[in-house]
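What follows is each chain in one-letter form.
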Amino acid sequence: MQTKRLTPYLLILPATAFLAVLFLVPLVQTIWLAFSQGNAPSMANFQRMVSDLNFNTALRNTFLLTLFVVPVQIALSLAMGSLAMHIGKGRETILWIWTIPLGISDLAAGLVWLSILQNSGYLNSFLYGLGLIERQQAWLTYQTPIALFFGIAMAEIWRSTAIVMIVIVAGMNQVPKDFNEAAQVFGASRWTRFTKITLPLIRPALQSALILRTVLAFEVFAVVYTLGGRNFPVLMGEAYTWQNTNQNYGVAAAYAVLIMVISLVATFVYLKAIKVDPERLP
Amino acid sequence: MSDIHPLKRAPKSPASFQGARKFLFWAAIAALSAWVLVPIWFVALGAFGGRRGVYTWPKSVFPGDLSFEPFLTFLQTDGLIAAFGNSLQAAGITVVLSVLLGAPAGYALARFAFTGKNAFRLLVLLTRAFPLAILALPLTVSFINMGLYDTVFGVALVHTVLAMPFAVLVTQGIFMGVPRELEEAAWVFGCSKFQAFLRIVVPLALPGLAATAVFAFVISWNEVFAASVLTVSHRTLTAYLLTVLGESPLHFRFAGGLLLILPSVIFIFAVRRYLFAIWGISSK
């Protein structure tokens, strides 16, 4: 009997030990690194971070990008999910095509969109073909901040909508068909059925999708780096620059802590705002 | 169960209205599919068009002068094959570690009730709320002390932190899907618990485990930040491309993008049946 009680602990021991050493310890170290200077507690790193020229822009850019990208992705995924529900033949193939970006890294996504948005790229060729522009137009410079913002947002939406879509489609698959049928019998329109039946029932899926995507959106880095370089500062990019170029681990850690805090607050807000019956959680 | 297909129903609508609706439905699906596929086509054209192709103006969607040569030249760039190899190695180690560490924990969560179960689940879920890649910052210091800095193994360790919690949650779902009765029947027929596990549970869970492994591979293969911070000379493909991007010609960057995309697309294709099931729910 003794072994039986020990078994689960033996099974989780390797994973727990690993996470303790490579997740919890570095986590505490990051926090200490950020809040200390020469081994004494200090806010110097945060002061330096906040007074940095790029800080405000990076913070604003990261928030704007998240606030734009995440809602678009949720809407797009809901549309994809609703469409997919009604595809008969070929459903698997179409869903596969829509999930392809899941395997594509942010770096590759940035390069893909660079081929479209660069000066002699496909967007300009298309606009030229339509007669809308006469010569090559630059979209990705600091002189065109709005175009740069939308370029980066497009690449982000293109790359990371797949994961939201998968979570939402998985949620939609769980909605019992009879609910919709019953509502239809009582004459509920498609829109009513969607807002009154589907949406409330896929709350757990919506919640996980929102948390997952928001946390990842605050970590946006490589897409921005490939498309805008440092013309479009974001928090993670600043952390990278402070670590790699400036070799200042303290300020880099301060950025890391800031991203963490924002992610945790966002997660908390979603958990509070979207009430999910705990029994329905997977 | 009756068919609630809205396109087949709605008997009162005139035929033309239905036709228009059907057209819109498929147009939306085609547009969304094109939205995914066309950009990949464009980057492939960039990779196979070479130096001249990049500056062609205006560009055509079906250019005539494509060849494999620019892509092959790109593959011969100094350090590229090594970086490719490093990426494969790091991803391979990540797969092995995250499945070996994650699957037992997933099995424990699926089959046992024990004190501390919720604490463990919380620890695993907590990793999802954090930008894990930034753990690479403090780890550089400890990795330098331990001789793990600038090694593929060091990168793989960080990637395992990213992939293993995922493996725990997914394998938990997979093991919960294997009927307990089958295991119990095996015990009755004289199998030890371990034998029953090997002969009954493993074969049934194998496809799901394979899908988990592929996901761990893709997570590691695509990771940029930690790999860039933790390596100098043993860069993975993403880290290598990130550092040489600034000074590379455009067609080189497009070839790099295509090279990054190809393996992961193949892997996603391999696990397409499990994509939706893996997120906790079966798709049928």
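Residues numbered from 1 in each chain as written. Chains lettered and ligands numbered in written order. Predicted model: local features only at pLDDT ≥ 70, side-chain atom pairs only at ≥ 80, totals over all residues. Heavy atoms only, no water.

An unreviewed UniProt entry annotates chain B as Multiple sugar transport system permease protein of Ketogulonicigenium robustum. Looking at the Sequence similarities (unreviewed entry) heading of the UniProt record, one finds this comment for chain B: "Belongs to the binding-protein-dependent transport system permease family." Listed under Subcellular location (unreviewed entry) in UniProt, the entry text for chain B is "Cell membrane". (UniProt positions renumbered as here; feature names shortened; annotations may be inferred.)

Going by what an unreviewed UniProt entry lists, chain A is known as Multiple sugar transport system permease protein and is assigned to Ketogulonicigenium robustum. Under the UniProt heading Subcellular location (unreviewed entry), the entry covering chain A gives this text: "Cell membrane". UniProt lists a comment for chain A under the heading Sequence similarities (unreviewed entry), and it reads "Belongs to the binding-protein-dependent transport system permease family."

Asker: Provide a residue-level description of the overall build of chain A, including the pertinent values.
Answerer: For chain A, the helix and strand inventory stands at 13 helices and two strands. Expressed along its principal axes, the backbone C-alpha trace of chain A runs to roughly 80 × 70 × 30 Å. Relative to its 282 residues, chain A shows a buried fraction of 55%. Long-range contacts, defined as pairs at least 24 residues apart, comprise 72% of the intrachain contacts of chain A with a sequence gap of at least 6. Accessible area for chain A stands at about 12,900 Å²; split by element, carbon and sulfur atoms hold 65% of it. Computed over 18 positive and 11 negative side-chain charges, the inter-centroid distance for chain A is 5 Å. (Helix = DSSP H or I, 4+ residues; strand = E, 2+ residues; numbered from the N terminus. Buried < 20%, exposed > 50% of the residue type's maximum accessible area, 1.4 Å probe, protein only. Contact = heavy atoms within 4.5 Å. Areas by Shrake-Rupley, 256 points an atom, 1.4 Å probe, with all protein chains shown as cover. Lys, Arg positive; Asp, Glu negative; His and termini not counted. Charge placed at Lys NZ, Arg CZ, Asp CG, Glu CD.)

Asker: Can you lay out the UniProt feature "domain: ABC transmembrane type-1" (unreviewed entry) in chain A for me, pointing to particular residues and giving the numbers?
Answerer: UniProt's feature table lists "domain: ABC transmembrane type-1" (unreviewed entry) at residues 59-270 of chain A, given in the numbering used throughout. Secondary structure across residues 59-270 of chain A divides into 76% helix and 0% strand, with the first and last C-alpha atoms of the span separated by 20 Å.

Asker: Could you give an account of unusual backbone geometry, naming the residues involved and the relevant values?
Answerer: In this model, tryptophan 57 of chain B is joined to proline 58 of chain B through a cis peptide bond whose omega is -15 degrees. Among the secondary structure elements, proline 58 of chain B is positioned in the loop between helix H1 (15-55) and helix H2 (69-75). Even without glycine at this site, asparagine 39 of chain A takes up a positive phi of about 70 degrees. Relative to the helices and strands, asparagine 39 of chain A resides in the loop between strand S1 (36-37) and strand S2 (40-41). Here aspartate 150 of chain B, not a glycine, exhibits a phi torsion of approximately 60 degrees, which is positive. Of note, aspartate 150 of chain B is situated in the loop between helix H5 (136-146) and helix H6 (152-176). Residue classification places aspartate 150 of chain B among the buried positions, given a relative accessible area of 14%.

Asker: Describe the nonpolar core, with residues and values.
Answerer: Counting 189 residues, the largest nonpolar core has Phe23, Leu65, Trp98, Ile104 and Leu227 of chain A as its most contacted members. When residues of this core are assigned to their parent elements, the largest contribution, 16 residues, is made by helix H7 (residues 145-174) of chain A. (Core = buried A, V, L, I, M, F, W, Y, C linked by side-chain atoms within 4.5 Å.)

Asker: Before we move on, can you summarise helix H6 (residues 122-129) of chain A with the specific residues and values?
Answerer: Of the residues making up H6 of chain A, those classed as buried are Tyr122, Asn124, Ser125 and Leu127 of chain A. Just beyond H6 of chain A, the residue with positive phi is glycine 131 of chain A, at close to 80 degrees.

Asker: With reference to specific residues and values, describe the confidence of the model for chain A.
Answerer: Note: predicted coordinates in regions of low pLDDT should not be interpreted at a detailed level. Residues of chain A with pLDDT of at least 70 account for 96%, and the chain-wide mean is 89. Taken element by element, chain A is modelled with least confidence in helix H8 (residues 177-185) of chain A, mean pLDDT 84, and with most confidence in helix H3 (residues 55-85) of chain A, mean pLDDT 95. (pLDDT = per-residue confidence, 0-100.)

Asker: Break down empty space enclosed by the protein for me, with residues and values.
Answerer: Following the criterion strictly, the structure yields one cavity of 30 Å³ or more and no others. Lining the largest cavity are Met80, Trp98, Pro101, Trp158, Thr161, Ala162 and Met165 of chain A together with Trp35 and Val36 of chain B. Secondary structure elements with two or more residues in the lining of the largest cavity: H7 of chain A together with H1 of chain B. Sort the elements by how many residues they give to the lining of the largest cavity and H7 of chain A lands first, with four residues. Tallied by class, the residues present in the lining of the largest cavity amount to eight nonpolar, one polar and no charged. (1 Å grid on protein atoms, 1.4 Å probe; cavity = no way out; pocket = protein on both sides within 12 Å on 5 of 7 lines; lining within 4 Å. Points joined across faces, edges and corners; volume = space filled by probe spheres on them. Nonpolar A, V, L, I, M, F, W, Y, C, P; charged D, E, K, R; others polar.)

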